[in-house]
Amino acid sequence: MKVINNDSMNMGYLLTDDKYNIIYFNKYFKKFVSNNEDILNKKITVYFQDIKLDKKQEMYPVKYIDNYVYYVMIEELKLYEHDLYAFFFYDFSLDSELEKQILRLNRQQYLYNEMFNKLDDGIYVTDEEGSTQYVNDAFINLSGLTRDQIIGKTVYDLRNHNILPNSCCAKVIETRGPVSTINNYYKGQRCLVSGSPIFDEKGKLSKTIAVIRDVSELDILMKNIAKEENLFIKSKNTYNAETIEHKKEPVINNENMKIIYNKAQKIASVDSTVLILGETGVGKDFIASYIYNTCNWKNKGKFVKINCGAVPEHLLESEFFGYEEGAFTGAQKGGKKGLFEEANGGVLYLDEIGDMPYTLQVKLLSSLNDRMFYRIGGTKPVEFNARIIAATNVDLKKLVDEKKFRADLYYRLNVVRLIIPSLRQRKEDIIHLSQQFLEYYNNKYGKNCYFSAGCLESFLGYEWPGNIREMKNIIERTVLMSDNACIDTGLFRENLMNGENIVEVSENKSVILDNKSLKEKLEEYEKEIIEKTLLLTKNMKEASEILGIDISTLVRKKQKYKM
Ligand SMILES: Nc1ncnc2c1ncn2[C@@H]1O[C@H](COP(=O)(O)OP(=O)(O)OP(=O)(O)O)[C@@H](O)[C@H]1O
């Protein structure tokens, strides 16, 4: 701030005599008066009514007659024995160039705002700490949120409260790089969210911006095309959803799981035996195939899986080790390769190893130790160089103690042990897994479902006795059953009840039992699935393909359930 004494300046001063009559005023005041007489010799209080004449050498605001506010400072002067007063008026309003620039900026901001609000794509801007700074109208429409709910809140808070559970900007901040996500919004719109970091001139993260594009229609179109293509591939190849699903990235948020997957990665390229333990459905097969897929041995052999509990005992040996021609009555001409040979150079995955008959355990152990075996009826040793990964959901050590499993085989298998925790012990994975399955089934059934915040909370409260597999099945059911895009807690619970007769939800762990037999319940469920599938598909052919049964079975079932 400076005192401006120049007549041409945007500030004014005037002089009065000792009675406060104006005797001089500069050009600044001249613009307000038509001639000098209008102001000269008038009391200053005529123009500045609230001026405090006794307040000297102190600056304070006063109003001119047009109500414009100035800051005034009064000084006493002596001129040729006359007592005079000098009044300095400071106009703190911005000078005109600056004012023009601000106006221009305001106008520009208004125009940008208008432009952003005309876009069909949503825009979301945060600062470097994830605090929401700007959203356009399209985002408000897509999300169903109000600006009050989000502006000033961090994307982490919004993520934790499930308001924006899959925040792209949060991921941009975490990775400091561009990120794309697929998010579902409240009316079930599927949106492609492309987020980018914005760095300042020193390379420091300054903002993140995400553009949210509703791809629902495009998605449906793509799904239709994919469906057609899949039908084609299916007829040519043994295409199967499970294979495709296995190629998906593992969900690993839980710290324990990170350690386990890290270990799996480390041992992927060596051929030590791995024993995977964990409850049913926790992802034992999944991590076994992850190990196989992660190792990049050139020309590696196949991943051969056998469920030791599913093959009748009398067939197990021949399934495993194969046989020579004439080995037994009914043996195939030319003999047959067993799974051990099939898996050569690759991985032999022995699921439910705890169910392996005791007698066969001896042969397995000697094959592992000697790295060779004999086909049934064979005399020539066959080299064995597959890697063994075994898994079980039973307490193998207990079986050893009960003498149902050989201790030497147990220790031979137990070289690297991976114990997969249950889903309730890794709640951090629940939401991500559920989103992954939702996306998978949305794609599979051409739907756009999303979970309500309450439903996600119920997921966290539920015990998941069947772990990830149970979650996957429930999500498939709810996606199929939902009439609306939103899958809420009610639908989640309903589908728990349809599938299981025991329901444990939240802390209550209420047990709901009814008098129906399992067969009746399964029939009810089957009927419901068929009804829904028929409703969702164009014809019987499509329905039977989705259900994975042939048309004649579908017709029979329709008759059985009187549909
Ligand atoms: N980390 C993961 N990320 C994503 N999906 C997973 C993960 N782990 C498991 N799954 C999925 O969970 C489902 C069950 O996994 P899996 O079949 O491997 O369980 P399991 O423990 O072998 O079950 P069981 O004991 O009945 O053989 C599968 O659909 C699998 O694709």
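A quick note: this is a predicted structure, and the numbers were derived from the prediction, not measured. (Residues numbered from 1 in each chain as written. Predicted model: local features only at pLDDT ≥ 70, side-chain atom pairs only at ≥ 80, totals over all residues.)

**Concerning the overall build of the protein**
As a reminder, the rule being used: The way it works is that DSSP assigns letters per residue, a run of H or I at least four long becomes a helix, a run of E at least two long becomes a strand, and they are numbered from the N terminus. Labels follow a simple rule on C-beta atoms placed from the backbone: if 20 or more others lie within 10 Å of a residue's own, it is buried; if 12 or fewer, it is exposed; otherwise it is partly exposed. By the criterion used throughout, residues are in contact when their C-beta atoms, derived from the backbone, lie within 7 Å.
Looking only at helices and strands, the protein features 23 helices and 19 strands. When burial is assessed residue by residue, the protein has 25% of its 563 residues classed as buried. For the protein, the share of sequence-separated contacts (at least 6 apart) that also reach a separation of at least 24 residues comes to 56%.

**Here we look at the site of the ligand**
Basically, it comes down to this: Proximity of a residue to a molecule or strand is defined by its backbone-placed C-beta atom lying within 6 Å of that partner. Basically, the charged four are Asp, Glu, Lys and Arg, the nonpolar ten are Ala, Val, Leu, Ile, Met, Phe, Trp, Tyr, Cys and Pro, and anything else, Gly included, counts as polar. An automatic or database domain assignment is the source of the domain bounds shown.
The environment of the ligand is formed by 19 residues, the closest being Gly283, Lys284, Asp285, Phe286 and Ile468. Counting only elements with at least two residues in the shell around the ligand, the list comes to α11 (284-294), α17 (430-445) and α19 (467-481). The class makeup of the residues in the shell around the ligand is seven nonpolar, six polar and six charged. In this structure, the shell around the ligand is formed jointly by two domains, domain 3 (255-421) and domain 4 (425-560), each of which donates at least three residues.

**A look at the sheet that holds strand β9 (residues 190-199)**
Our working rule: Two strands are said to pair when DSSP picks up at least two bridges between them. Each axis is a line fitted through C-alpha atoms, taken for helices only over the stretch in contact, and angles between the N-to-C directions span 0 to 180 degrees.
The strand order β7-β6-β10-β9-β8 describes an open sheet built from five strands, whose pairing is antiparallel. The open sheet has two free edges, formed respectively by β7 (132-135) and β8 (179-184), since each of these has just one partner strand. Averaged over neighbouring strand pairs, the angle between their axes works out to 20 degrees when direction is ignored. Judged from the three bridges that link them, strand β6 (residues 122-127) and β7 form a sheet pairing that is antiparallel. The residue bridging threonine 126 from the neighbouring strand is threonine 132, located in β7. Sheet strands in contact with helix α7 (residues 168-175) are β6, β8, β9 and β10 (205-214), and its direction is about 35 degrees off that of β9.

**Concerning the sheet that holds strand β17 (residues 416-419)**
Pairing is parallel across the open sheet formed by five strands, whose spatial order is β12-β13-β16-β11-β17. Strands at the two margins of the open sheet, each flanked by one partner only, are β12 (303-307) and β17. Each adjacent strand pair in this sheet contributes to an overall mean axis angle of 15 degrees, direction not counted. Relative to strand β16 (residues 387-392), strand β11 (residues 274-277) runs parallel, the two being bridged by four bridges. Opposite isoleucine 276, over in β16, you have alanine 391 as the bridge partner.

**Notes on the nonpolar core**
Applicable threshold: Think of a nonpolar core as buried Ala, Val, Leu, Ile, Met, Phe, Trp, Tyr and Cys residues, each tied to the set through C-beta atoms within 7 Å.
Residues Ile276, Leu348 and Ile389 are the most contacted members of the largest nonpolar core, which totals 63 residues. When residues in this core are grouped by element, the largest group, six residues, is from α19. Structurally, this core is a two-domain feature, drawing no fewer than three residues from each of domain 3 (255-421) and domain 4 (425-560). Apart from residues lying up to four places away in sequence, isoleucine 389 is in contact with Val274, Ile276, Ala288, Ile291, Val347 and Tyr349. Membership of the second largest hydrophobic core comes to 21 residues, among which are Phe139, Ile150, Leu158 and Val179.

**So, the pairing of strand β2 (residues 22-25)**
In terms of strand pairing, strand β1 (residues 12-16) meets β2 through three bridges, oriented antiparallel. When the sheet's bridge partners are listed, threonine 16 is paired in β2 with isoleucine 22.

**Here we look at the environment of lysine 187**
The residue lysine 187 is located in the loop between β8 and β9 in this model. Separated by 46 residues in the primary sequence, lysine 187 and asparagine 141 have C-alpha atoms spaced 9.8 Å apart.

**Digging into unusual backbone geometry**
The backbone of tyrosine 20 sits at a positive phi, close to 70 degrees, despite the residue not being glycine. When you line up the elements, tyrosine 20 lands in the loop between β1 and β2. The residue asparagine 41 is not glycine, and still its phi comes out positive at about 65 degrees.

**Brief notes about the packing of α17 against α19**
As a reminder, the rule being used: By the definition adopted for this analysis, an angle is roughly parallel if under 35 degrees, roughly antiparallel if over 145, roughly perpendicular if from 65 to 115, and oblique otherwise. By the definition used in this description, the sense in which the near helix is turned from the far one sets the handedness, with an anticlockwise turn below a right angle giving left-handed and a clockwise turn giving right-handed.
Viewed as axis vectors pointing N to C, α17 and α19 meet at an angle of 40 degrees, and their least axial separation amounts to 9 Å. When the axes of α17 and α19 are compared, the pair comes out oblique. Crossing hand, α17 versus α19: right-handed. Residues Leu433, Ser434, Phe437, Leu438, Tyr441, Asn442 and Tyr445 of α17 touch α19, and the partners they reach there are Ile468, Met471, Lys472, Ile475, Glu476, Val479 and Leu480.

**Looking at the confidence of the model for the protein**
Operational definition: The predictor's confidence in any single residue is recorded as pLDDT, a number from 0 to 100.
Of the residues in the protein, 84% have a pLDDT of 70 or more, and the chain-wide mean is 80. Per-element confidence in the protein ranges from a low mean pLDDT of 39 for helix α9 (residues 241-246) to a high of 95 for β11. Note that pLDDT drops below 50 for residues 229-246; the model gives that stretch six contacts with residues more than four away or on any other chain. Below a pLDDT of 50 lies the segment residues 498-513, which in the model reaches 28 contacts outside its immediate sequence neighbourhood of four places, other chains included.

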